[in-house]
Amino acid sequence: GQERYTRSLPMSHSKQCYAMVGLPARGKSYIAHRLARYLNWIGVKSKVFNVGKYRRELVGVNMSCDYYDPNNSDGADSRKMVAGHVLTKIVEWFRDDPEAKIAITYKQIVFVQITLNQ
């Protein structure tokens, strides 16, 4: 049963955030959602945070290719703002839900692993 898997998991009491990074259309969202589904199934509460969804809500839908240009300081500031907003949402989720263990994010955010303490 489900309890057999949760007892064998080497999970610590810390909360963790993982970022899926890679080229476009290579399965980051698919893997993130499948991983979260599996972790929830075995009893490790996890949630996927789609950075692209937050960017569309905060900045808009129609972005020019200049938005992602590393030399575009306005685009870089906007991307940092969106990343900060997503990180705030993750921290709020961890604080509001004592059962929350793992957050998985993907899209335009560059951090590989952050361990967040309560």
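Peer 1: It is not clear to me how the packing of aromatic side chains should be interpreted in this structure. Could you clarify?
Peer 2: For any pair of aromatic rings, geometry is given as the distance between the ring centres together with the angle between the planes. Applying the stated rule across the entire model yields four aromatic pairs. Both rings, one in Y38 and one in W41, keep their centres 6.1 Å apart while their planes meet at 40 degrees; by these two values the pair is tilted. Placement of both Y38 and W41 in helix α2 (residues 28-41) is noted, with a separation of three residues, approximately one turn of the helix. The class of Y38 is partly exposed, set by a relative accessible area of 42%. With a centroid separation of 5.3 Å and 35 degrees between ring planes, the pair formed by W93 and F94 is classed as tilted. Accessibility classification places W93 together with F94 in one group, the buried group. For K53, the ring lying beneath its charged end belongs to Y54, and the centroid distance is 5.0 Å.

Peer 1: Quick question: what am I supposed to make of the packing of helix α3 (residues 51-58) against helix α4 (residues 73-96) here?
Peer 2: A pair of packed helices can be characterised by two numbers: the angle between their axes and the separation between those axes. Interhelical geometry of α3 versus α4 gives an angle of 120 degrees and a closest axis separation of 10 Å. Between α3 and α4, the angle is such that the two are oblique. Handedness of the crossing formed by α3 with α4: right-handed. The residues of α4 that touch α3, namely those facing V51, Y54, R55 and L58, are M81, V82, H85, V86 and K89. Of the residues assigned to the contact of α3 with α4, the class counts are six nonpolar, one polar and two charged.

Peer 1: Please explain the environment of A36 as it appears in this structure.
Peer 2: Following the sequence through the fold, A36 ends up in helix α2. Assessed through its relative accessible area of 6%, A36 is described here as buried. Taking C-alpha positions, A36 is 6.7 Å from V48, a pair spaced 12 residues apart along the chain. If sequence neighbours within four positions are ignored, A36 has contacts with S46, V48 and I104.

What counts, and where the lines are drawn
Residues numbered from 1 in each chain as written. Predicted model: local features only at pLDDT ≥ 70, side-chain atom pairs only at ≥ 80, totals over all residues. Heavy atoms only, no water. Phe/Tyr/Trp six-rings, centres within 6.5 Å; stacked < 30°, edge-to-face > 60°. Helix = DSSP H or I, 4+ residues; strand = E, 2+ residues; numbered from the N terminus. Buried < 20%, exposed > 50% of the residue type's maximum accessible area, 1.4 Å probe, protein only. Lys NZ or Arg CZ within 6 Å of the ring centre and 35° of its normal. Axes fitted to C-alpha atoms, helices over the stretch in contact; angles between N-to-C directions. Parallel < 35°, antiparallel > 145°, perpendicular 65-115°, else oblique. Left-handed = near helix turned anticlockwise from the far one by under 90°. Contact = heavy atoms within 4.5 Å. Nonpolar A, V, L, I, M, F, W, Y, C, P; charged D, E, K, R; others polar.

In short, the description is geometric, and any link to function would need to be established separately.
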